[in-house]
Amino acid sequence: MKIEKIKPFSVCVLLVLFVLVAPESGAQQLSGIKVPLDTAVRMGKLGNGFTYYIRKNTEPQKRAELRLAVKAGSILETDTQLGLAHFMEHMNFYGTVHFPKNQLVDFLQKAGVRFGADLNAYTGFDETVYMLPIPTDSAGLLDTGLQILEDWAHGALLDKEEIDKERGVVLEESRSGRGAQQRMRDQYIRQILNNSRYALRLPIGKDSILKTFAPAVLEAFYRDWYRPDLMALIAVGDFDPAEVERLVQVKFGRIKGPANPKKRERYTIPLDGSTRVAVVTDPEFPQNVVQLFYKLPRKKEVTLADTRKNVVQSLFDYMLDQRMQELTQKADPPFLFGSSSYGAFIGNLDAYTCVALAKDPKGTERALTTLLEENERILRFGFTETEFERARSSFMNTMERNYKERDKWRSVQHVADYQAHFLDEKPFMGIAAYYAFLQKHVEGIRLGEVNALAREYISDKDRAVVILGPEKGKGDLPDEARVLSILKEAGKGVEAYKDDVVSRPLLPDFPAGKAVVSETKMEKLDITEWTLGNGVKVFLKPTNFKNDQILFQATGKGGYSLFPDDLETGTFAGYLVQSGGVSDFSQTQLQKFLSGKTVNVTPYISELSEGISGGTSPKDLETALQLVYAYFVAPRMDREVVRGILANQKNYLENMRNTITPDKMFSDTLNAVLTSYSPLRKPLTPERVDLVKPDRALEIYRDRFSDASDFIFTFVGSFQPDEIRPLIEKYIGGLPSAGRADTYRHPGISPLPGKVEKTVFKGTEPNSRVSRVFSGKYEYSPENNIQLDALSEVLQIKLIEALREEESGVYGVGVSERLEKIPAGNYRISVTFGCAPENVDRLVLRTLEEVDKIKKRGADPKDIEKYVAERKRKREVDVKTNGFWLSFIDSRLFYEEKLGDLLRQDEFLQKVTPDSTRIMAGKYFDRNNLIRVVLMPEKPTGE
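Residues numbered from 1 in each chain as written. Predicted model: local features only at pLDDT ≥ 70, side-chain atom pairs only at ≥ 80, totals over all residues. Heavy atoms only, no water.

1. Comments concerning the layout of surface pockets
- Considering only enclosed or pocket space, the second largest pocket measures out at about 1300 Å³ in volume.
- Taken together, 44 residues make up the lining of the second largest pocket; nearest its centre are Tyr780, Asn785, Glu817, Leu819 and Arg892.
- At the level of elements, α22 (662–674), α26 (782–806), β22 (813–820), β23 (826–835), α28 (861–878), α29 (882–894) and α30 (905–910) are the ones that each hand at least two residues to the lining of the second largest pocket.
- Here the lining of the second largest pocket is composed, by residue class, of 18 nonpolar, 10 polar and 16 charged. (1 Å grid on protein atoms, 1.4 Å probe; cavity = no way out; pocket = protein on both sides within 12 Å on 5 of 7 lines; lining within 4 Å. Points joined across faces, edges and corners; volume = space filled by probe spheres on them. Helix = DSSP H or I, 4+ residues; strand = E, 2+ residues; numbered from the N terminus. Nonpolar A, V, L, I, M, F, W, Y, C, P; charged D, E, K, R; others polar.)

Below is the structure:
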């Protein structure tokens, strides 16, 4: 077997050294140097043309990420194969040489790999990618994982019986995508794709073909395009790279290519210089969306000059994004949301894309005009030096953090780089070389280069404008002639942007603070508890999961439940104050003040609690704590901004009310039943927004943050307690303290008891949704929580087998549980799925049959084995993340639960047995307390 190693990297180290030591140079000097590829990856090509990328990476430990990337997607389908690239992806999970029928999913679930959440795949226009995360600490699992990928590459059985069973599943997936957005897309896609082949090859395909294609037609696609010269294996993880490379050479080297391979055509979207306009409405679309595309030829990154230009582009995008955000923070925002950026589009094209969510149909002209005005403003005047310096500082701060975390990068991040290299020829130099490149060359980038991109991106050629809106508002939307007129006239009177920059401290002075008065250590969990002199409790969990990350959460009990007469105002209070900035800083000024720093601090008020969540880096911890302190003692209400926020919220809700979608009506009905029609849970309306009192909102906020003595702060991340102790004592210890004994007023809302059945008739598509909910009183405890979690999971496993694999009636089915400890134990277990209207009763009956089997015999031991393996594998990864520990500590303390229960998880899992699941099912799958809510299409007039 011939193996050709790809060796364009022999000069990689020399190139990296050049980046470090060469004299400062501009784009011209870099144009002759190809981007060096990271030598940490083993990359090769076998004699049959098969490519591989292999890299050792220990984040997470004892795990590997495997991918099979195929340069074949829906664009290669013939007219008789529409949808079969995607269908082929499905079939690879249901019948290969070493895993016939559905043995593949069964095997992987026993190894702790979740179907859908972990094991998955996707099909695009130009590629199909299979994803398999696999443990590497069990003998033979990695070898088996590679065998699975080899089977996908050339070992699909394509059994006729399995194909026929999968037709229903794929048709259900197609059904789930139907609705207003799909109908509208079908009307405008040819416009924006210039009537190219891409507009005719959407991956989901055509139902008529999916129902009737002969197996030989699918086999032909597999034979023609799943071949070694169009495939690559990517393996990144905690393993021996040399051994993985040996296995890859053996397994994938034996794949034979076709004797006369078909040419792999590269289809393009032609650029003809035209401006295309599509104004599309639908009776079930509730929003008003403006999309503006400037299409450009795809730019490949080949040389270091291209890398440098990509940095220039990133700076352009950052500054533009900041301006768009600033527009939404005005008293009368031109739209509810807006964004603009440059990036890959489809096929051979890039695009500079501008998007706005207009307030209402009449507001679409203003939204489009504003997008065009901002483009014209940049064209004429460019960005300012102060904007540029902030952008460069923020960009380098982000890259510095990436560099500091270089040994903590997760395997999936590396996989993305290698996948992009194989599919899109995008080079990867590695973060160390890239950061060295940036340190050498970013300072040489000038504002003029960034401003010049506007002239490159924005022109009157190759444009497309797509306006989407509700059918009811069609008369208020601009037609094509009006859009063309706006394109011609907008922006003529724009003025230069004025940068409102501040350079003063957040507050004129800060407190001396209060010292730690007591300390407790939980050795087994490595958690330290401090009590400060002002009564605040602080829990600290130092970790080495990230090198440059500290996450924190502050939580106090109470929330807006303490203000029952101000429900609407209390609901908005936290957001309105946070949107006003802090101290003397507006929100816009605050964002500019924090540029170049890693500081994210957000105050909130929820129903039962108030607090502050955030994240920072060790070097910016003091700034973050200063901001925390300021949000307590110097909240700010910007009434002009508040007026804009409330007006926008009303506009949004008016749109939703004027065009009620099937999903909205279904979810509102379900929510009403699950909350017993409580007025505290009724949907927000424009009239309720009018009840919000800004001054009262500030009063509520000040009340909730006037006393920190009952707050609990949690810090998790890259620090040592003694190192940050002075900062904690100064800023957290300096918070106001009144010694209140606050708690919340829990509303005690639970689902309607008894048998409840509701059918919602809405929508024109033959599409139904089903939700079945068991609910009632519950004995809350760590042991029972695991048991109920197991019961939900084994039921989901069984329902996927029954409703998807056997009945072919659904694309997916979800089972979830929700447990409440306060004010008294309550539970709900929900089963949800979508299906054809004519199949609702049959699938509901089958669901109850599977429930009754568990109630009678308990769960299948094999399903319990899958559940236990999955939970253990998931926990192994979760406990190595800062986010898990922050959420775990904060939530357990809020509900006054024992942190040490985490150490008993294996003990609890051992108690999950067929008999325990039988007992739990008998107790909590009560048919006398069962909710059924179903969405059905609207009945034809006259029925």
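Let us keep going from here.
2. So, the sheet that holds strand β13 (residues 516–522)
- With respect to topology, 7 strands assemble into an open sheet ordered β13-β14-β15-β19-β16-β18-β17, the strand pairing being mixed. On the outer flanks of this sheet lie β13 and β17 (599–605), each paired with one strand and no other. Averaged over all pairs of adjacent strands, the angle between their axes in this sheet comes to 15°, without regard to strand direction.
- Helix α20 (residues 621–633) rests against β16 (550–557), β17, β18 (609–616) and β19 (712–717) of the sheet, and its axis sits at about 25° to β17. (Pairing = 2+ DSSP bridges. Axes fitted to C-alpha atoms, helices over the stretch in contact; angles between N-to-C directions. Contact = heavy atoms within 4.5 Å.)

3. What to know about the pairing of strand β11 (residues 349–358)
- Where burial is concerned, most of β11 is hidden: 9 out of the 10 residues are buried.
- As defined by bridge partners, strand β9 (residues 288–297) adjoins β11 across 10 bridges and the pair is classed as antiparallel. Bridge pairing links Asn288 to Ala358 in β11.
- As judged from the 8 bridges shared by strand β10 (residues 337–344) and β11, these two strands associate in the antiparallel manner. Pairing of Ser339 across the sheet is with Val355, part of β11.
- Counting the residues in the hairpin turn of β10 and β11 gives 4 residues, including Gly347, whose phi is positive at 60°. (Buried < 20%, exposed > 50% of the residue type's maximum accessible area, 1.4 Å probe, protein only.)

4. Let's talk about the sheet that holds strand β20 (residues 756–761)
- Spatial strand order, β20-β24-β21-β23-β22: 5 strands in an open sheet with mixed pairing. Of all strands in the sheet, those bounded by a partner on one side alone are β20 and β22. The mean angle between the axes of side-by-side strands here comes to 15°, regardless of whether they run parallel or antiparallel.
- Note that strand β21 (residues 768–777) and β23 share 10 bridges and pair antiparallel. Bridged to Val773 within β23 is Ser830.

5. Here we look at the pattern of salt bridges
- Considering all chains together, one arrives at 97 salt bridges under this definition.
- A salt bridge links Asp106 to Lys866, with the nearest nitrogen and oxygen atoms 2.6 Å apart. With Asp106 in helix α4 (residues 103–110) and Lys866 in helix α28, this pair connects stretches of sequence that are 760 residues apart.
- By relative accessible area, Asp106 is classed as partly exposed at 22%.
- Of the residues examined, Lys866 reaches a relative accessible area of 2% and is grouped as buried. (Salt bridge = Lys/Arg side-chain N within 4 Å of Asp/Glu carboxyl O.)

6. Some thoughts on helix α10 (residues 241–253)
- With 13 residues, α10 extends 17 Å between its outermost C-alpha atoms, agreeing within 8% with the 18 Å of an ideal straight helix rising 1.5 Å per residue.
- Along α10, the positions that sit buried rather than exposed are Pro241, Val244, Glu245, Leu247, Val248, Gln249, Lys251, Phe252 and Gly253.
- Capping of α10 at its N-terminal end is provided by Asp240; its side-chain oxygen lies 3.1 Å from the backbone amide nitrogen of Ala242. (Expected span 1.5 Å × (residues − 1). Polar contact = N/O pair within 3.5 Å; in protein donor to acceptor, adjacent residues only side chain to side chain.)

7. Quick word on the pairing of strand β4 (residues 63–70)
- Most of β4 is tucked away, with 8 of its 8 residues classed as buried.
- The alternating pattern of β4 places Arg63, Glu65, Arg67 and Ala69 on one face and Ala64, Leu66, Leu68 and Val70 on the opposite face, and all of these are buried.
- With 8 bridges joining them, β4 and strand β6 (residues 128–135) adopt antiparallel strand pairing. By the bridge assignment, Val70 is partnered in β6 with Thr128.

8. Thoughts on empty space enclosed by the protein
- All chains considered together, the criterion is met by 2 cavities of 30 Å³ or more.
- Counted as a void, the largest cavity has a volume near 50 Å³.
- Tyr318, Gln322, Glu387, Arg390, Tyr497, Gln591, Lys592 and Ser595 are the residues that line the largest cavity.
- A volume near 40 Å³ is recorded for the second largest cavity.
- Contributing to the lining of the second largest cavity are Gln322, Arg323, Glu326, Tyr497, Thr588, Gln591 and Lys592.
- For the lining of the second largest cavity, the secondary-structure elements that each account for two or more residues are α11 (304–328) and α19 (587–593).

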